[in-house]
Amino acid sequence: MDLLYEYRIFLLAGLLETLKMSLVVALGGTLCAIVLTFGVTSKPTLLLRISFGLMELLRDLPLMVTVLLVYFMLPAAGVSLNPFWSCCAAISVWGGANGAQILRAGLASVGNGQRETAAAFGFGPLKALLLITLPQAMPVIVPPYVGLLTALVQATSLGSVVGAQELLRSGQVLIEQTTIMRGGSPAYLVYGSILVVYFTLCTLISVIGGRIERHFLRPYARGAEAKVGAKVHAIEATISTSA
Amino acid sequence: MTFLDWGYILDALPDLLRGLGMTLVVSFLAILFSLTLGLIGCALRRSCFKPSGYAVAAYVEFIRGTPYLVQIFFVFYGLPSLGLTLSIFWSGVLALTLWASAFHIESFRAGLSSVSRDIHNASSSLGLRPWHHGLFVVLPIALRSALPSTLNTVVGTIKNSAYLQAIGLVELTFVAVDRIAQEFRSVEMFLSICVIYLAVILGISALGHRLEKRLNRPYAAR
């Protein structure tokens, strides 16, 4: 425990980087998800096929491969990004593919009658989406989306593979530097505490997510939870294992 | 040097296939162990002895709330200082098993709780013994609804085996990255491993769907 206290500044810097990366990835992933959702809900054209293909491809490849692929391929395509941003880009795109699936399922859970009624009342497509469909889709979207956000936070640990200085990389460096000095590896201590930090972060996100979920369920409180629950669990299981 | 050199891919193919072999072996062992552990965990989770249930729940929450990569590092680098030294291969299998079993426990539990009380009551009123009742009535129904998410975890196990390259297990991703480090042909290498992963994963998904259909046949609408 002394060791962790002694190098707290170093580890906290890593944690800060992890938090920064989580924020970037959460925003970037959401943005990608929204763009892809427009693709996968479009009329059956080339655009629809391309977005579906992209979504399936990203969901079927291991995330590790995606991160390495972006890191190694961008220079070949003439773009040079540092490890931090290339890792962020890879995870965001992956998050976008999973997020698009969640958003699509959520929008599909709202009956077609709602859309027809909105059109009959003279709402434009965008207005109907934002004011009619989306609020009703929220109870279906929020729970798996919170799961996705925790998966994204966990995915930032992949930054260490391509050399971004986040929490896990800091831990690795700390272990490398102190093993000989201390005459024994502090690996279990360092990795154990990193596990605890991530667990706390993810639990925090779940708790906040639970509150948001309750907020959106309130207008439909009578029996809505039971109806929505089954769909939600199926989607949640899909997301959390496809990491 | 052209953009895409097919000769180079052919040249690297034996190495890649050896890597794929390792990926499949590790995944297969992990799938086998995690399914067993998942069944045991599920039984403990639902047993009348409360503390064991809580312990399993805590385990599942912890595994799901922490990054898989850190779990691997903890198993490979951390456990030796606690007195358990494993080879790269077995640490990989252990880490993968621990991860997958948490998800299996949850899907089995969901499957079991999808069997309604009425079915329990009906089969016990028909006079089936507890064992027969569990084996021939509850289990088939539970498995049917647990199958999709179990398959998902199985596919996830194969995908997550790619993370094991971080501790130096010579599997498919490791082979590709190693070759890129030597010869800088990233386009060819990533194209090849993407195709291989897609083939394996889509193949297993297709098999899973057939299995699902087959299990559902007795209950299909006539």
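Note that the structure is a prediction, hence the values are computed from the model and not measured.

Here is what the cut-offs are and how they apply
Residues numbered from 1 in each chain as written. Chains lettered and ligands numbered in written order. Predicted model: local features only at pLDDT ≥ 70, side-chain atom pairs only at ≥ 80, totals over all residues. Heavy atoms only, no water. Axes fitted to C-alpha atoms, helices over the stretch in contact; angles between N-to-C directions. Helix = DSSP H or I, 4+ residues; strand = E, 2+ residues; numbered from the N terminus. Parallel < 35°, antiparallel > 145°, perpendicular 65-115°, else oblique. Left-handed = near helix turned anticlockwise from the far one by under 90°. Contact = heavy atoms within 4.5 Å. Nonpolar A, V, L, I, M, F, W, Y, C, P; charged D, E, K, R; others polar. UniProt positions renumbered as here; feature names shortened; annotations may be inferred. Buried < 20%, exposed > 50% of the residue type's maximum accessible area, 1.4 Å probe, protein only. Core = buried A, V, L, I, M, F, W, Y, C linked by side-chain atoms within 4.5 Å. Salt bridge = Lys/Arg side-chain N within 4 Å of Asp/Glu carboxyl O. Polar contact = N/O pair within 3.5 Å; in protein donor to acceptor, adjacent residues only side chain to side chain. Expected span 1.5 Å × (residues − 1). Bend = angle between axes of the 7 residues up to and from the residue. Patch = residues over 30% accessible without salt bridge, like charges linked within 9 Å, V, L, I, M, F, W, Y side chains within 5 Å. Areas by Shrake-Rupley, 256 points an atom, 1.4 Å probe, with all protein chains shown as cover. Lys, Arg positive; Asp, Glu negative; His and termini not counted. Charge placed at Lys NZ, Arg CZ, Asp CG, Glu CD. Phe/Tyr/Trp six-rings, centres within 6.5 Å; stacked < 30°, edge-to-face > 60°. Lys NZ or Arg CZ within 6 Å of the ring centre and 35° of its normal.

Re the packing of helix α1 (residues 6-45) of chain B against helix α8 (residues 186-216) of chain B
Residue and element names in this part refer to chain B.
Then, in step 1: The geometry of α1 relative to α8 is characterised by a closest axis approach of 10 Å and an angle of 40° between their N-to-C directions. By the angle class used here, α1 and α8 are oblique. Seen from above, α1 lies across α8 with right-handed handedness. The residues of α8 that touch α1, namely those facing Tyr8, Ile9, Ala12, Leu16, Leu20 and Leu24, are Glu188, Met189, Ser192, Ile193, Ile196 and Val200.
Then, in step 2: The class makeup of the residues in the contact of α1 with α8 is 10 nonpolar, 1 polar and 1 charged.

Observations regarding the UniProt feature "domain: ABC transmembrane type-1" (unreviewed entry) in chain B
Then, in step 1: As annotated in UniProt, the feature "domain: ABC transmembrane type-1" (unreviewed entry) corresponds to residues 20-208 of chain B in the numbering used here.
Then, in step 2: Between the first and last C-alpha atoms of residues 20-208 of chain B the distance is 20 Å; the span itself is 81% helix and 0% strand.

With respect to the environment of Val75(B)
All names here are of chain B.
Then, in step 1: Residue position: Val75 is located in helix α3 (residues 68-78).
Then, in step 2: The exposure class of Val75 is buried, given its relative accessible area of 7%.
Then, in step 3: Val75 sits 23 residues away from Leu98 along the chain, and the two C-alpha atoms are 9.9 Å apart.
Then, in step 4: If sequence neighbours within four positions are ignored, Val75 has contacts with Pro80, Ser91, Leu94, Ala95 and Leu98.

Observations regarding the UniProt feature "transmembrane region" (unreviewed entry) in chain B
All names here are of chain B.
Then, in step 1: Per the UniProt record, the feature "transmembrane region" (unreviewed entry) sits at residues 20-44, 83-105 and 189-208.
Then, in step 2: Segment residues 83-105 splits into 78% helix and 0% strand. End C-alpha atoms: 28 Å apart.
Then, in step 3: As annotated, residues 189-208 comprises 100% helix and 0% strand, and the C-alpha atoms at either end are separated by 29 Å.

Points about the nonpolar core
Then, in step 1: Val67(A), Ile194(A), Tyr163(B), Leu164(B), Ile193(B) and Tyr197(B) are the most contacted members of the largest nonpolar core, which totals 96 residues.
Then, in step 2: Residues Leu36(A), Met55(A), Leu58(A) and Ala97(A) belong to the second largest nonpolar core, which totals 6 residues.

What to know about the interface of chain B and chain A
One frequent convention defines the size of an interface as the accessible area lost when the parts assemble.
Then, in step 1: Contact with chain B, which involves 39 residues of that partner, is made by 36 residues of chain A.
Then, in step 2: Counting across the chain B and chain A interface gives 0 salt bridges.
Then, in step 3: Linking chain B with chain A are 2 residue pairs in polar contact (both at pLDDT 80 or more), by the criterion used here.
Then, in step 4: Every element with two or more residues in the side of chain B that touches chain A is listed here: α2 (50-64), α3, α4 (88-113), α6 (130-160), α7 (172-183) and α8 of chain B.
Then, in step 5: In terms of residue count, the dominant contributor to the side of chain B that touches chain A is α8(B) (9 residues).

Quick word on the UniProt feature "domain: ABC transmembrane type-1" (unreviewed entry) in chain A
Then, in step 1: In the numbering used here, UniProt assigns the feature "domain: ABC transmembrane type-1" (unreviewed entry) to residues 15-209 of chain A.
Then, in step 2: Within residues 15-209 of chain A, the helical portion is 84% and the strand portion 0%, while the C-alpha atoms at the span's ends are 22 Å from each other.

Describing the packing of helix α7 (residues 125-155) of chain A against helix α10 (residues 187-217) of chain A
Residue and element names in this part refer to chain A.
Then, in step 1: Here α7 crosses α10 at 170°, and the two axes come no closer than 9 Å. By the criterion of interaxial angle, the relationship of α7 to α10 is roughly antiparallel. Side by side, α7 and α10 meet where Met138, Pro139, Val142, Pro143, Val146, Leu149, Thr150, Val153 and Gln154 of the first sit next to Tyr198, Leu201, Cys202, Ile205, Ser206, Gly209, Ile212, Glu213, Phe216 and Leu217 of the second.
Then, in step 2: Of the residues belonging to the contact of α7 with α10, the class tally is 14 nonpolar, 4 polar and 1 charged.

Observations regarding α7(A)
Then, in step 1: Given a rise of 1.5 Å per residue, 31 residues ought to cover 45 Å, yet the end C-alpha atoms of α7(A) are separated by just 35 Å, more than 12% below that figure.
Then, in step 2: A maximum bend of about 50° is found in α7(A) at Met138(A), where proline Pro139(A) lies one to four positions downstream.

Some details on the environment of Leu167(A)
Residues and elements named next belong to chain A.
Then, in step 1: Along the chain, the position of Leu167 falls in helix α9 (residues 167-182).
Then, in step 2: Among the residues examined, Leu167 registers a relative accessible area of 5% and is labelled buried.
Then, in step 3: Remark: the alpha-carbon pair of Leu167 and Glu116, spanning 51 residues in sequence, is separated by 50 Å.
Then, in step 4: Every residue in contact with Leu167, bar those within four places of it in the chain, is listed here: Leu11, Gly14, Leu15, Thr18, Ile194, Val197 and Tyr198.

Let's talk about the UniProt feature "transmembrane region" (unreviewed entry) in chain A
Residues and elements named next belong to chain A.
Then, in step 1: Mapped onto the present numbering, the UniProt feature "transmembrane region" (unreviewed entry) falls at residues 20-40, 61-85 and 188-208.
Then, in step 2: Annotated as 100% helix and 0% strand, the span residues 20-40 places its first and last C-alpha atoms 30 Å apart.
Then, in step 3: Between the first and last C-alpha atoms of residues 188-208 the distance is 30 Å; the span itself is 100% helix and 0% strand.

Points about a positive patch on the surface
All names here are of chain B.
Then, in step 1: Taken together, the side chains of Arg210, Lys213, Arg214 and Arg217 present a region of like positive charge at the surface.
Then, in step 2: Mapped onto the fold, Lys213 is located in helix α8.
Then, in step 3: For Lys213, a relative accessible area of 66% translates into the label exposed.

Thoughts on the packing of aromatic side chains
Then, in step 1: A complete count under the given rule lists 12 aromatic pairs over all chains for this structure.
Then, in step 2: Taking 5.7 Å as the distance between ring centres and 55° as the angle between the ring planes, the aromatic pair formed by Tyr68(B) and Trp99(B) counts as tilted. Highlighted residues: Tyr68(B) in helix α3 and Trp99(B) in helix α4, separated in sequence by 31 residues. No difference in accessibility class separates Tyr68(B) from Trp99(B), as the two residues are buried.
Then, in step 3: Between Phe89(B) and Trp90(B), the aromatic rings sit 5.1 Å apart at their centres with planes inclined by 85°, giving edge-to-face as the arrangement.
Then, in step 4: We classify Trp90(B) as partly exposed; its relative accessible area is 42%.
Then, in step 5: Every member of this aromatic cluster is reached through a ring pair, and the members are Tyr191(A), Phe73(B), Phe76(B) and Tyr77(B).
Then, in step 6: Sitting over the ring of Phe84(A), Lys20(A) keeps its end group 5.7 Å from the ring centre.

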